[in-house]
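Residue strings, one per chain:
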Amino acid sequence: MKLTYFEFPGRAGPIRIALGIGKIAFEDERFAYADWPNLKGEMPLGAVPVLDVQGTRLCQSNAILRYAGRLSGLYPDDLLEAAKCDQMLDTIEEILSRIVDTMMMEGEEQKAARDGLCEGPLPFFLDAMQTMVGTDDKPYVAGGKLSVADLKLANFVGMLSSGQLDYVPTDFVERNAPGLAAHAAHIGSLPQVAAQTA
Ligand SMILES: N[C@@H](CCC(=O)N[C@@H](CS)C(=O)NCC(=O)O)C(=O)O
């Protein structure tokens, strides 16, 4: 099995961690941004991550993440809990795609777009996701235990809080959705997760 993506975590981060936790052997093919133009044409949708498995080339990060979760015991068996897991994965993709739309912008255009997100859509989505996580001391998205939805959510909150997104303050999640900041801290502190990210 081979996972192909850029060097940074991005949409592949939770997949790498899930496969690592499950001790599923895979080739972690990471390429430099400069090499992307040569690779893009080989990808089914001209995008990554892509997972090659048994002669099949899979795209769409959430489909790959669910597959990794099923292989690794990190996807709920219960149908309703699985739907809750999917609900979070799809919600993150919806707001993430709006953030990604600002990545290629520069200067004032990027500032205006990111300020616009921070004034409305981002707090709205964070609040909805906080409700999905719940208010337990040790919150999980689904099934009362670790799933790929927790990995993707913690990865998303980490990205928002990293300071690498200009015009998105590092304390934005803490101020707008403290439950999500607590969730990310909890997930990152789990030994099986920390062992993958160390
Ligand atoms: N819906 C797709 C989106 C994939 C996507 O846009 N990937 C980005 C990296 S996170 C990409 O390949 N960007 C380069 C490009 O589109 O040329 C998924 O979830 O996998």
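Residues numbered from 1 in each chain as written. Predicted model: local features only at pLDDT ≥ 70, side-chain atom pairs only at ≥ 80, totals over all residues.

**Student:** Honestly, the domain arrangement of the protein chain in this entry has me stumped. Any pointers?
**Tutor:** For interface size, the figure often reported is the accessible area lost on association. What the domain assignment lists for the protein chain is domain 1 (2-72) and domain 2 (79-197). Measuring from the centre of the C-alpha atoms in domain 1 to the corresponding centre in domain 2 gives 20 Å. On the side of domain 2, twelve residues touch domain 1, which itself brings twelve residues to the contact. Contributing elements (two or more residues each) for the side of domain 1 that touches domain 2: helix 1 (13-21) and helix 3 (61-72). Of all the elements, helix 1 adds the most residues to the side of domain 1 that touches domain 2, at six residues. The residue inventory of the side of domain 1 that touches domain 2, partitioned by class, reads seven nonpolar, four polar and one charged. (Domains from an automatic or database assignment. Contact = placed C-beta atoms within 7 Å. Helix = DSSP H or I, 4+ residues; strand = E, 2+ residues; numbered from the N terminus. Nonpolar A, V, L, I, M, F, W, Y, C, P; charged D, E, K, R; others polar.)

**Student:** What should I look at first to understand the sheet that holds strand 3 (residues 50-53) in this one?
**Tutor:** Pairing between sheet strands relies on hydrogen bonds along the backbone, with the strands arranged either parallel or antiparallel. Here we have four strands laid out as an open sheet, ordered 2-1-3-4, and mixed in their pairing. On the outer flanks of this sheet lie strand 2 (27-31) and strand 4 (56-59), each paired with one strand and no other. Taking each pair of neighbouring strands and ignoring which way they run, the sheet shows an average axis angle of 20°. Examined bridge by bridge, strand 1 (residues 2-6) and strand 3 share three bridges and lie antiparallel to one another. By the bridge assignment for strand 3, Lys-2 is matched with Asp-52. (Pairing = 2+ DSSP bridges. Axes fitted to C-alpha atoms, helices over the stretch in contact; angles between N-to-C directions.)

**Student:** Mind showing me how you'd approach the site of the ligand here?
**Tutor:** Around the ligand lies a shell formed by Gly-10, Arg-11, Lys-40, Gly-46, Ala-47, Val-48, Pro-49, Gln-60, Ser-61, Asn-62 and Glu-93. For the shell around the ligand, a count of residues per class yields three nonpolar, five polar and three charged. (Near = placed C-beta within 6 Å.)

**Student:** Which parts of the structure should I look at to understand the nonpolar core?
**Tutor:** For soluble globular proteins, nonpolar side chains are generally found buried alongside one another. Grouped together as the largest cluster of nonpolar side chains are 46 residues, with contacts concentrated most on Ala-18, Val-148, Leu-153, Val-157 and Leu-180. For this core, the elements supplying multiple residues, two or more each, are strand 1, helix 1, strand 3, helix 3, helix 4 (79-100), helix 6 (121-133), helix 7 (148-160) and helix 9 (178-189). Shared between two domains, this core holds at least three residues of each, these being domain 1 (2-72) and domain 2 (79-197). (Core = buried A, V, L, I, M, F, W, Y, C linked by C-beta atoms within 7 Å. Buried ≥ 20, exposed ≤ 12 C-beta atoms within 10 Å, placed from the backbone.)

**Student:** What should I look at first to understand the packing of helix 1 against helix 7 in this one?
**Tutor:** Axis angle and axis distance: for two packed helices, these are the angle between their axes and the distance between the axes, and together they describe the pair. Two elements in contact, helix 1 and helix 7, have axes whose closest approach is 9 Å; the angle formed by their N-to-C orientations is 140°. Taken together, the axes of helix 1 and helix 7 lie oblique to each other. With respect to the hand of their crossing, helix 1 and helix 7 are arranged in right-handed fashion. Contacts between helix 1 and helix 7 involve Gly-13, Pro-14, Ile-17 and Ala-18 from the former and Val-148, Leu-151, Lys-152 and Asn-155 from the latter. Looking at the contact of helix 1 with helix 7, its residues break down into five nonpolar, two polar and one charged. (Parallel < 35°, antiparallel > 145°, perpendicular 65-115°, else oblique. Left-handed = near helix turned anticlockwise from the far one by under 90°.)

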